[in-house]
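Structural description and commentary
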Amino acid sequence: MDPVARAEPAFLVVGHVSRPHGMRGELFVEPLTDHPGDVFAPGVVLRPADAEGVRPDPELPRLSVSGARPFRRGWLITCEGIADRDSAETFRARYLMVERKRLPPLAEGEVFHYQLLGMSVVTADGCRVGEVIEVYDV
């Protein structure tokens, strides 16, 4: 199983802002990480992604998390500088990224989704089926 050689990304997507929540600038975020408590924690700096969700958007400010709590199937986060619904609206439908080097180390046997791309898919009896070209998180 040889993954395609590719550069390690500097930033990884960890959540998606669904919408503002309430009137005080909270963001309802769908987590796209197995460790939301580590990522959506006070002091963590999140970067809103560009429209394609590939890299941080240089036009949008960094978001320093000041508070976070689980809520239904996601997290409600508050960030410094976002004090009302109007300013929170700026981040609607944006992916949130974190510097990869700021994430906790992976446990034995864990991989990031991007590391699966290009790997061979082989059945238990050794028959090559194909190659991973996309990963869906369901």
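Here we summarise the structure given alongside this text. (Residues numbered from 1 in each chain as written. Predicted model: local features only at pLDDT ≥ 70, side-chain atom pairs only at ≥ 80, totals over all residues. Heavy atoms only, no water.)

1. Quick notes on the pairing of strand β5 (residues 74–79)
Most of β5 is tucked away, with 5 of its 6 residues classed as buried. Taken together, the 3 bridges between strand β2 (residues 26–31) and β5 define a ladder with antiparallel strand orientation. Each bridged residue has a counterpart across the sheet, and for Phe 28 the counterpart in β5 is Leu 76. For strand β4 (residues 63–71) and β5, the ladder comprises 6 bridges, and the chain directions are antiparallel. Its bridge partner lying in β5, Ala 68 is registered against Ile 77. The loop that links β4 with its antiparallel partner β5 comprises 2 residues; one of these, Arg 72, has a positive phi angle of about 50°. (Buried < 20%, exposed > 50% of the residue type's maximum accessible area, 1.4 Å probe, protein only. Helix = DSSP H or I, 4+ residues; strand = E, 2+ residues; numbered from the N terminus. Pairing = 2+ DSSP bridges.)

2. Brief notes about the packing of aromatic side chains
All chains considered together, the criterion is met by 3 aromatic pairs. Summarising the aromatic geometry, the rings of Phe 40 and Trp 75 are spaced 6.2 Å apart at their centres and angled 45° between planes, so their arrangement reads as tilted. Of this pair, Phe 40 sits in the loop between α1 (36–39) and β3 (45–48) while Trp 75 sits in strand β5, placing them 35 residues apart in sequence. Accessibility expressed as a relative area gives 13% for Trp 75, which makes it buried. Aromatic pair Phe 112 and Tyr 114: ring centres 5.8 Å apart, planes at 15°, arrangement stacked. (Phe/Tyr/Trp six-rings, centres within 6.5 Å; stacked < 30°, edge-to-face > 60°.)

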